[in-house]
Amino acid sequence: MSSLLETKIVARQHALREQGLLRQRKVLSVDHDLNTNASTSSPRFVFEGRAYINFSSNDYLGLSRVPELAEALHLGAQTYGVGSGASPLVTGYSDAHLALERELCALTGHEAALLFCSGFSANTALMKTLFDQHDIVVADKLVHASIIDGLHDSGAQLKRFLHNSLESAERLLARHHASALITESVFSMDGDCAPIAQLSALCRQHHAWLVVDDAHGFAVLDGYRNAEAAKLIDVQVVTFGKALGCQGAAVLGSQALIDFLVSNAREYIYSTALSPANAALALAAAQYCTAHPELQQKLRENITLFKRLCREANVPLLGSDTAIQPLIIGDARQTLQVAEELRAAGIWVGAIRPPTVPVGSARLRITLTAAHAAEDIATCVAQLAQVLSRVGVPLVTERQATDDHR
Ligand SMILES: Cc1ncc(COP(=O)(O)O)c(C=O)c1O
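None of these values were measured; they are calculated from a predicted model.

*Asks:* Got a minute to help me understand the pairing of strand β9 (residues 235–239) in this structure?
*Replies:* Sheet faces and side chains relate simply in a regular strand, where the side chains alternate between the two faces. The element β9 is largely enclosed, with a buried count of 5 among its 5 residues. Going residue by residue along β9, you find V235, V237 and T239 tucked away on one face and Q236 and V238 tucked away on the opposite face as well. Where strand β8 (residues 209–213) lies against β9, 3 bridges are found, and the strand directions are parallel. Following the sheet pairing, V211 is matched in β9 by V235. The pairing of β9 with strand β10 (residues 249–253) spans 4 bridges and is antiparallel. Looking across to β10, one finds that T239 is bridged to A249.

The structure is reproduced here in structure tokens:
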């Protein structure tokens, strides 16, 4: 007879499979042909013997393949060893970590920083430690799972405002005497940006802190960044696994906040520190970004090209101006089908389904990087248009006609 847990697991997996929501890993390998001229061609990988152009990575500036950064990692490992060997408060905190924290402060204008091994743990640690059952916290409807999990564990009362709606945010702030408002700079699944300056003004008015998860904005967005961030944002979470192309994260804020987290954040205190080699790498990546503004420019050009080609081909995008370009299909199975047909053409895009996004809003999440070649972007759009019409997903003109009939 099978155990209770086995029965539960089998039943849940079966239900997910039935709904087209089962998640499975794919084993990817390096495209060795590409490695000969890695820095000049679109990101690619090999899956089951076939090469694909990668339109689903968050390596927005293509830094994960920059030879100088591989050298920085190597040098970091030679200097400090390959691991940190302990948690930060034991012997896991080195001058490599301090140098990265200082660079991040210089880039954002915050007083102090604290490093974590991932953005997920930075967010959960921050939420769990900063808030408790006496706090009411206001958050955008679409904030990341790590924020929700951390808030849940904190015991704080969570009030959600309508996505990017200043009216809805203000209503909640005014009604609840909230301690903080939480949002993302660039929303990970929609690619749109929060109105940071206006939210900051609202927070000041209502004596609440503004906390921003900057995972998808850091090192890519202009505007409030570059030493301006701290004037608008009380607490900023940046991650190194997206535009910096490596791994890890930091919470940035006042010295008092960081000292408080050092003494109380369980994820920080009871976990092996980010390796010094990874800290040295993230520092080198941040400096590389600053020294190569042409990468941000190339990314912007690629986004503009992709959007123009989609408009010309009537491919119905969500309207984002960032590297994250969603195309809502709605039905989870149909979304998978479109992604699979694109794969048959050598194009790899993310198929995002509930619970990552709300039910009925399954989507393709196409991400552009500075490393994509123009001809590969053109191939991607041409294939998208063909596959969408073959599978029966309405293109823009047909969609408008349907809307007009309502
Ligand atoms: C908005 C947002 N915050 C945080 C994270 C977590 O960051 P990390 O991948 O470094 O754990 C992600 C990752 O997908 C994200 O999209």
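*Asks:* Would you mind going over the packing of helix α13 (residues 276–291) against helix α14 (residues 293–312) with me for this structure?
*Replies:* It is the contact of α13 with α14, at a shortest axis distance of 4 Å, that shows an interaxial angle of 75 degrees. Our classification of the angle between α13 and α14 gives roughly perpendicular. Side by side, α13 and α14 meet where Y288, C289, T290 and A291 of the first sit next to P293, E294, L295 and Q296 of the second.

*Asks:* What exactly am I supposed to notice about the domain arrangement of the protein chain here?
*Replies:* Buried accessible area, meaning the area lost when the parts come together, often serves as the stated size of an interface. According to the domain assignment, the protein chain contains domain 1 (27–56 + 293–405) and domain 2 (67–291). In this complex, domain 1 contributes 17 residues to the contact, which on the side of domain 2 involves 17 residues. Summed over both sides, the interface between domain 1 and domain 2 buries roughly 1,200 Å², with carbon and sulfur atoms accounting for 59% of that surface. Across the contact surface, domain 1 and domain 2 share 1 salt bridge. One salt bridge in this structure joins R363 and D190, with 2.8 Å as the shortest N-O distance. For the interface between domain 1 and domain 2, the tally reads 6 residue pairs in polar contact (both at pLDDT 80 or more). Those elements giving two or more residues to the side of domain 1 that touches domain 2 turn out to be α14, β11 (324–330) and β14 (362–367). In terms of residue class, the side of domain 1 that touches domain 2 is built from 8 nonpolar, 4 polar and 5 charged.

*Asks:* Can you help me understand the pattern of salt bridges in this one?
*Replies:* Pairing is possible between side chains that carry opposite charge, provided their charged atoms lie close to one another. Using the criterion set out here, one finds 7 salt bridges in the structure. A salt bridge links R204 to D234, with the nearest nitrogen and oxygen atoms 3.2 Å apart. Of the two residues, R204 is situated in helix α9 (residues 196–205) and D234 in the loop between α10 (229–232) and β9; the sequence distance between them amounts to 30 residues. Residue classification places D234 among the buried positions, given a relative accessible area of 18%.

*Asks:* I tried to follow the site of the ligand on my own but got confused; where do I start?
*Replies:* Surveying the vicinity of the ligand reveals the residues S118, G119, F120, N123, H144, E184, S188, D213, A215, H216, T239 and K242. H216 is positioned such that a nitrogen or oxygen atom in its side chain is 2.6 Å from an oxygen atom of the ligand. Protein chains bury 80% of the 390 Å² of accessible surface belonging to the ligand in isolation. Looking at which element gives the most residues to the shell around the ligand, the answer is helix α6 (residues 119–130), with 3 residues.

Rules used in this analysis
- Residues numbered from 1 in each chain as written.
- Predicted model: local features only at pLDDT ≥ 70, side-chain atom pairs only at ≥ 80, totals over all residues.
- Heavy atoms only, no water.
- Buried < 20%, exposed > 50% of the residue type's maximum accessible area, 1.4 Å probe, protein only.
- Helix = DSSP H or I, 4+ residues; strand = E, 2+ residues; numbered from the N terminus.
- Pairing = 2+ DSSP bridges.
- Axes fitted to C-alpha atoms, helices over the stretch in contact; angles between N-to-C directions.
- Parallel < 35°, antiparallel > 145°, perpendicular 65-115°, else oblique.
- Contact = heavy atoms within 4.5 Å.
- Domains from an automatic or database assignment.
- Buried area = accessible area lost by both parts, 1.4 Å probe.
- Salt bridge = Lys/Arg side-chain N within 4 Å of Asp/Glu carboxyl O.
- Polar contact = N/O pair within 3.5 Å; in protein donor to acceptor, adjacent residues only side chain to side chain.
- Nonpolar A, V, L, I, M, F, W, Y, C, P; charged D, E, K, R; others polar.
- Near = heavy atom within 4 Å.
- Areas by Shrake-Rupley, 256 points an atom, 1.4 Å probe, with all protein chains shown as cover.

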